[in-house]
Amino acid sequence: AEAYLQGLIGQTIPRIEAQAGLGGRERAVAGYSLAGLFALYALTRTAFFSMAASVSGSLWYEGWLDYLAGAGVDARYVYLSLGKREKCARSPRLAQVEACTQRTLALLQAKGISAQLHMHPGGHFCDPAARMAAACAALARA
């Protein structure tokens, strides 16, 4: 994750911004599932992004909550999204996702970050494109 993040903020995004003439704007990072976990991780490693969206984020990942509790987070807004049936997963680890997402929300808010959780119908694989679009719209409004 760290190597990917460094490539993203050190090469990929600056190159795209230069080509598109977008420098100096506020940046957000968003992801679905493991990429949703990565989006939040990025906020703990750099101030390059001021906002993030984690949609059906894999926030059940072992060690995530302890890591977040001890990490600094330099962001002004975080959008979290989860399907209401995700907690019904057969895997005991995956079934923890709702509790872990709620705990992530509480930790972010305790750090002074404006964060909100949106619950959507269905499970992990229910309408990911629409849920990502809703996340990006929320980031654009923030």
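Structure: above.
The sections below set out a description of the structure shown in this document. This one's a predicted model, so the numbers in the text were calculated from it and none came from an experiment.

### Thoughts on the overall build of the chain
When helices and strands are tallied, the chain shows 5 helices and 4 strands. Secondary structure of the chain in N-to-C order comes out as α-β-α-β-α-β-α-β-α. For 142 residues, the compact-globule formula gives about 14 Å, and the C-alpha radius of gyration of the chain, at 15 Å, lands near that figure. Out of the 142 residues in the chain, the part that is buried amounts to 42%. Long-range pairs, those at least 24 residues apart, make up 71% of the contacts in the chain between residues at least 6 apart in sequence. When the 14 positive and 9 negative side-chain charges of the chain are each reduced to one mean point, those points stand 4 Å apart.

### Overview of helix α2 (residues 34-45)
Compared with the 16 Å implied by 1.5 Å per residue over 12 residues, the 17 Å span of α2 between its first and last C-alpha is a close match. Most of α2 sits inside the fold, with 9 of its 12 residues counted as buried. All of the buried residues along α2 are Gly36, Leu37, Phe38, Ala39, Leu40, Tyr41, Ala42, Leu43 and Thr44. Each element contacted by the buried residues of α2 is listed here: α1 (2-20), β1 (28-32), β2 (51-55), α3 (64-70), β3 (77-83) and α4 (97-110).

### Some words on the layout of surface pockets
As a volume, the largest pocket reaches approximately 240 Å³. Lining of the largest pocket is provided by 13 residues; of these, Glu86, Ala89, Leu94, His124 and Phe125 occupy positions nearest its centre. In terms of residue class, the lining of the largest pocket is built from 5 nonpolar, 6 polar and 2 charged.

Conventions adopted
Residues numbered from 1 in each chain as written. Predicted model: local features only at pLDDT ≥ 70, side-chain atom pairs only at ≥ 80, totals over all residues. Heavy atoms only, no water. Helix = DSSP H or I, 4+ residues; strand = E, 2+ residues; numbered from the N terminus. Rg over C-alpha atoms; globule rule 2.2 N^0.38 Å. Buried < 20%, exposed > 50% of the residue type's maximum accessible area, 1.4 Å probe, protein only. Contact = heavy atoms within 4.5 Å. Lys, Arg positive; Asp, Glu negative; His and termini not counted. Charge placed at Lys NZ, Arg CZ, Asp CG, Glu CD. Expected span 1.5 Å × (residues − 1). 1 Å grid on protein atoms, 1.4 Å probe; cavity = no way out; pocket = protein on both sides within 12 Å on 5 of 7 lines; lining within 4 Å. Points joined across faces, edges and corners; volume = space filled by probe spheres on them. Nonpolar A, V, L, I, M, F, W, Y, C, P; charged D, E, K, R; others polar.

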